[in-house]
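# Structure at a glance
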Amino acid sequence: MDRNLALELVRVTEAAALACSRWVGKGNKMAADEAATNAMRRALGSMDINGTVVIGEGEMDEAPMLFIGEKVGNGTAQEVDIAVDPLEGTSICAKGMNGSIATIAIAPRGGFLHAPDMYMEKIAVGPAAKGVIDINESPSSNLKRIAEAKGCHVEDLTVVILDRPRHDKIVSEIRKAGARIHLISDGDVAPAIAAAVSGSGVDMLMGIGGAPEGVLAAAALKCMGGDMQGRLVFMSKEERNRAQNMGIDDFDRVYSAEDMAKGDVFFAATGVTNGDLLKGVRYFAGGAETHSIVMRSKSRTVRFIETQHFFDHKPTF
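Summarised in this report is the structure supplied together with it. Just so we're clear, the structure is a prediction, and the values are computed from it rather than from any experiment. (Residues numbered from 1 in each chain as written. Predicted model: local features only at pLDDT ≥ 70, side-chain atom pairs only at ≥ 80, totals over all residues. Heavy atoms only, no water.)

### Points about unusual backbone geometry
Rules: A helix here means a DSSP run of H or I that spans at least four residues, while a strand means a run of E at least two residues long, and both kinds are numbered starting from the N terminus. Three exposure classes are used, based on accessible area relative to the maximum for each residue type with a 1.4 Å probe and protein chains only: buried under 20%, partly exposed in between, and exposed over 50%.
The residue R300 is not glycine, and still its phi comes out positive at about 60 degrees. Along the chain, the position of R300 falls in the loop between strand 13 (287-296) and strand 14 (301-310). You can call R300 partly exposed: its relative accessible area is 46%.

### A look at the packing of aromatic side chains
We describe a pair of aromatic rings using the distance from one ring centre to the other and the angle between the two ring planes. The cut-off we apply is this: For Phe, Tyr and Trp, rings pair up if their centres lie within 6.5 Å, where Trp contributes its six-membered ring, and each pair is then called stacked (planes under 30 degrees apart), edge-to-face (over 60) or tilted (otherwise). Each ring is checked for a lysine NZ or an arginine CZ that lies within 6 Å of its centre and within 35 degrees of its normal; such an atom marks a charge sitting over the ring.
In this structure the tally under the stated criterion is three aromatic pairs. One cation-aromatic arrangement involves K26 over W23; the distance from NZ or CZ to the ring centre is 5.8 Å. Lying across the ring of Y119, R166 places its NZ or CZ 4.7 Å from the centre.

### Focus on the nonpolar core
Counted only if it meets this: For our purposes a nonpolar core is just a set of buried Ala, Val, Leu, Ile, Met, Phe, Trp, Tyr and Cys residues, chained together by side-chain atoms within 4.5 Å. Contact criterion: two residues are considered in contact whenever any of their non-hydrogen atoms come within 4.5 Å of each other.
One finds F112, I193, M228, L232, F267 and M295 to be the most contacted residues of the largest nonpolar core, which totals 52 residues. For this core, the element with the most residues is helix 7 (residues 211-224), which contributes ten residues. Not counting chain neighbours up to four residues away, the residues in contact with L232 comprise P116, M118, Y119, M120, A211, I248, F251 and Y255. Counting residues in hydrophobic clusters, the runner-up holds 36 residues, among them V72, I82, C93 and A268.

### Considerations on the sheet that holds strand 7 (residues 180-184)
As a reminder, the rule being used: Think of it this way: DSSP has to see at least two bridges between two strands before they count as a pair. Helix axes are fitted to C-alpha atoms over the stretch in contact, other axes to C-alpha atoms as well, and angles between N-to-C directions run from 0 to 180 degrees.
The strand order across the open sheet formed by six strands is 7-6-8-5-9-10, and the pairing between neighbours is mixed. In this open sheet, the two strands that pair with only one neighbour each are strand 7 and strand 10 (255-256). Against the sheet, helix 5 (residues 168-177) makes contact with strand 6 (158-162), strand 7 and strand 8 (204-210), and its axis sits at roughly 155 degrees relative to strand 7, the strand it touches most. Docked against the sheet, helix 7 engages strand 5 (119-125), strand 8 and strand 9 (227-233), running at close to 20 degrees with respect to strand 5.

### Considerations on helix 2 (residues 29-45)
Condition: Working rule for helices: expected span equals 1.5 Å times residues minus one.
Between its terminal C-alpha atoms helix 2 stretches 24 Å, which fits the 24 Å expected from 17 residues at 1.5 Å a residue. Of all the positions in helix 2, only A31, A32, D33, A35, A36, T37, A39, M40, A43 and L44 are classed as buried. Buried residues belonging to helix 2 abut helix 1 (5-20), strand 2 (71-72), strand 3 (79-88), helix 3 (90-95) and strand 4 (101-108).

### Details of the packing of helix 4 (residues 139-150) against helix 5
When two helices pack together, you describe them by how their axes are tilted relative to each other and by the distance separating the axes. Threshold: Every angle not falling under 35 degrees, over 145, or within 65 to 115 is termed oblique; those three ranges are roughly parallel, roughly antiparallel and roughly perpendicular. Note on convention: near helix rotated counterclockwise from far helix by under a right angle means a left-handed crossing. Clockwise means right-handed. All residues other than Ala, Val, Leu, Ile, Met, Phe, Trp, Tyr, Cys, Pro, Asp, Glu, Lys and Arg, Gly among them, are scored as polar; the first ten of these are nonpolar and the last four charged.
Put simply, helix 4 and helix 5 touch, their axes get as near as 9 Å, and they point 45 degrees apart. In this view, helix 4 runs oblique relative to helix 5, as classed from their interaxial angle. Every pair of crossing elements has a handedness; the one defined by helix 4 and helix 5 is right-handed. For the pair helix 4 and helix 5, contact is made by P139, S140 and L143 and by I170, E173, I174 and A177, respectively. Split into classes, the residues belonging to the contact of helix 4 with helix 5 amount to five nonpolar, one polar and one charged.

Right, dumping it as structure tokens:
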């Protein structure tokens, strides 16, 4: 894997973030997602890769752009698998709320879990708590282990959870244990990554969210030395059949970050709106500033990049 792919990926997420940021707060999440997807696809087309989308916007008959199985890149270089979420947090973007990002990850062919578009139970932490989490244990038990690993009290920890009725029970248990909770309306990739960033104010992500987003978060946490566990949650027999068709035969398996993202993995994200991890797109006369993160698992290099874009000089793609 060419290490220069890292900076190429940032250009891809920057293009997506710049495109959809024009829709921030305008109440049209579909238009925002379409803008991000189209921009990301065009940017990917200029990359020296022979890529296949394995985590994307849906199957070919469901999504016009960046569908699962789509070939991207100019086809002149190495074969890679690609996981994308052109706009993670579409509703957040449409409402002008905090936490939406454009994100992408790449791995050698066969490197990503082909996660169906369904739910996944997740628990994610940073390097300081690596090896102590257990998705089969209770939230309070995990909190005690994390606090011990980080040398603090449970009351010092902050847990990010999607604000959904399905999480009422674990929210109640976490509150009883004494930890703080940050409820979010949408988008759990950025908070999972924030758990591995020192000073972010996030210690753990917990709860049930999208399985494709789980793979993206696993890729980032692997690059950062963090830890994650995930288990697919099936809501119907149809979802079980779909998972089986994608090569999944153990429906109760607990996946580690390494299970979900194998080999030399790259991850990049650019903020669309402000969040715990990244600042959103900020406009000035004739251009805009973006804030991105890019990382590679082989070297454990993590870069935060602030970029000024002058629109009169941007590439035509």
